[in-house]
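# Structural description and commentary
Chain by chain, the residues:
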Amino acid sequence: MRFFGIVRDVPRTVRLLAFGSFLNGVVSFTFVYLFIYLTGPRGLTVPQAGVIAGVGGIGLVAGNFTGGWFGDHYGHRRMLLTGSLVSGTALAALPVLPVAAMYGVLPLAQYAAGVVRAANAALVAVSVPEGSRRQSFALVRAGSNAAFAVGPPLGALIAAHFSYDWLFVADGLGTLFFAGYASTVLPAHGTAHNRPVREPGAPGLWRELRARPAVLVLLAAILCVDLVYRQQYSTLPVFLSEHGHSAQFYGWLLSVNGGLILLLELPAAHALRRRTPLGIVGTGLLLVGLGYAVLIPGAGALFAVTMMASLTAGEILYKTTATAYVADQAPAHAQGRFQSLYAGASISGQVLAPPIGGALYAAVPGLLWPACAVLAGGAGAAVLAARRLRGPVREEAPAPVPERQAQPG
């Protein structure tokens, strides 16, 4: 019952976006099976599949970094719909395209997906008054995490009973369905949250960031920590396998991680909503570093479980709080670009973590986990120190618009 009480505190627009994120996430399973699809049914070599998957990842990161600029200029709702249409169409068509076309179409689909991610975050930010955003971002993340628990097993069933081609068709059609759903629940015209108009003489993005040095420190810290955080999907399973742990044990660790986040992140965001955000984020980053430090002395089951528990606690603390902090610090005319910078930093490890971590692990295996611990620990310490940095003088926030008028544009 307490859960439903927390959800009721979240604006209706955000609840609808969270449900839409769940629906879209359930069928967004193609990235899990992309490498298998390319090296199996498509008959590509491992290096060829690596190149296609790599350029797709670059497209995703680029879409996250730039999607907010489009939203600030053309409207976040419009960019969410446009990105969903482009991504859905490209994914649905991918199985019938020749391999050569995949080098261009897959990055396009991933770029559009990145734009959707940035637009979704910006829509949450503009739909919630400053200071009340943590629960809203936590709810949207809960929808995505719940979808990830359902999506991969569903994808495996589709691939087993039909074919891998149908994974892309289902993902594409699901994304197009999300576009239709979003166009219905996000009205095209509203009075409260239309695209902000930048006043003549308003500072540019770099000047706005320089006026908020703590935001710059946070973005740099998130960029570093995501490189560390995503080692759990690349070098960690290799490390565990080489030390006698089965794939089932690794899968169990990830399941526990996802389940705890799904159960605890929203209540934690609600319980800590009055606490200083940078203190919570800094503590979370330190816990990520501590988790990898646990692996330095050994690779036994207890070490691995303790590592994942610390990593999970850190993720629960820092991800939602950092997203909300960036939204609270953003000026109205640059909300989308601020969210884009955070979204891009928070997913950069998807491209950077496998090659950098893999190269270090291959060259000096014993150095990887100390390096991860130092990098995440340093990032956490920097964020904690950033609490002393001064930001711009903030004007009193306008009174929240009643829910029936809070319509994003």
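Structural data are supplied above this passage.
An account of the accompanying structure is given in this report. (Residues numbered from 1 in each chain as written. Predicted model: local features only at pLDDT ≥ 70, side-chain atom pairs only at ≥ 80, totals over all residues. Heavy atoms only, no water.)

### Some details on the overall build of the protein
From N to C terminus, the protein includes 17 helices and zero strands. Taking all 409 residues of the protein together, 51% fall into the buried category. Relative to all contacts within the protein whose residues are 6 or more apart in sequence, the contacts with residues 24 or more apart total 85%. (Helix = DSSP H or I, 4+ residues; strand = E, 2+ residues; numbered from the N terminus. Buried < 20%, exposed > 50% of the residue type's maximum accessible area, 1.4 Å probe, protein only. Contact = heavy atoms within 4.5 Å.)

### Some thoughts on the packing of helix H6 (residues 99–127) against helix H15 (residues 335–347)
Interaxial distance between H6 and H15 falls to 9 Å at its minimum, and their mutual angle equals 130 degrees. As the angle between them shows, H6 and H15 are arranged oblique. The element H6 and its partner H15 pack so that their crossing is right-handed. Each of Arg117, Ala118, Ala121, Ala122, Ala125 and Val126 in H6 lies in contact with H15, whose residues at this interface are Gln335, Gly336, Gln339, Ser340, Ala343, Ser346 and Ile347. Tallied by class, the residues present in the contact of H6 with H15 amount to seven nonpolar, five polar and one charged. (Axes fitted to C-alpha atoms, helices over the stretch in contact; angles between N-to-C directions. Parallel < 35°, antiparallel > 145°, perpendicular 65-115°, else oblique. Left-handed = near helix turned anticlockwise from the far one by under 90°. Nonpolar A, V, L, I, M, F, W, Y, C, P; charged D, E, K, R; others polar.)

### Focus on the environment of Val140
In this structure, Val140 sits in helix H7 (residues 134–161). By relative accessible area, Val140 is classed as buried at 10%. Residues Val140 and Phe22 lie 118 residues apart in sequence; the distance between their C-alpha atoms is 8.2 Å. Sequence-distant contacts of Val140, defined by excluding residues within four places in its chain, comprise Val14, Ala18, Ser21, Asn120 and Val124.

### Points about the pattern of salt bridges
Using the criterion set out here, one finds six salt bridges in the structure. One salt bridge connects Asp328 with Arg133, and the closest N-O pair in it is separated by 2.7 Å. You can see Asp328 sitting in helix H14 (residues 301–329) and its partner Arg133 sitting in the loop between H6 and H7, a full 195 residues away along the chain. On the accessibility criterion, Arg133 (8% relative accessible area) is buried. (Salt bridge = Lys/Arg side-chain N within 4 Å of Asp/Glu carboxyl O.)

### Remarks on the nonpolar core
Counting residues in each nonpolar core, the largest one holds 45 residues, and the members touching the most others are Leu236, Leu285 and Tyr292. Put simply, the parts of the chain that give this core at least two residues each are helix H10 (213–229), helix H11 (235–242), helix H12 (247–271), helix H13 (277–293), H14, H15 and helix H17 (368–385). The element that contributes the greatest number of residues to this core is H10, accounting for nine residues. In this structure, Leu236 is in contact with Gln231, Tyr250, Leu295, Met307, Met308 and Trp369, ignoring residues within four places of it in sequence. Counting 30 residues, the second largest nonpolar core, distinct from the first, contains Leu16, Leu17, Leu186 and Leu266. (Core = buried A, V, L, I, M, F, W, Y, C linked by side-chain atoms within 4.5 Å.)

### A few points about helix H5 (residues 76–93)
Taking 1.5 Å of rise per residue, 18 residues should cover 26 Å, and H5 covers 26 Å from first to last C-alpha, within 8% of that figure. Inspection of H5 places His76, Arg77, Met79, Leu80, Leu81, Gly83, Ser84, Ser87, Gly88, Ala90 and Leu91 among the buried residues, and these make up the whole buried set. Considering only its buried residues, H5 is in contact with helix H3 (30–39), helix H4 (46–74), H6, helix H8 (165–185) and H15. (Expected span 1.5 Å × (residues − 1).)

### Some remarks on the packing of aromatic side chains
According to the stated counting rule, one finds nine aromatic pairs in the structure shown. For the ring pair Tyr229 and Tyr233, a centre distance of 6.3 Å and an interplane angle of 80 degrees mean the geometry is edge-to-face. Cluster of aromatic residues (ring-pair linked, three or more members): Trp69, Phe70 and Tyr74. (Phe/Tyr/Trp six-rings, centres within 6.5 Å; stacked < 30°, edge-to-face > 60°.)

### Description of the side chain of Glu315
Structurally, the position occupied by Glu315 is in helix H14. Judged by its relative accessible area of 3%, Glu315 is buried. Excluding its chain neighbours within four sequence positions, the residues that come into contact with Glu315 are Arg141, Tyr229, Asn257, Ile261 and Glu265.

### Thoughts on the packing of H13 against H17
Between H13 and H17, the shortest axis-to-axis distance is 7 Å and the interhelical angle comes to 170 degrees. Put simply, H13 runs roughly antiparallel to H17. Across the interface between the two elements, Leu278, Gly279, Val281, Gly282, Thr283, Leu285, Leu286, Val288, Gly289, Tyr292 and Ala293 of H13 pack against Trp369, Cys372, Ala373, Ala376, Gly377, Ala379, Gly380, Ala381, Val383 and Leu384 of H17. Residue composition of the contact of H13 with H17, by class: 15 nonpolar, six polar and no charged.

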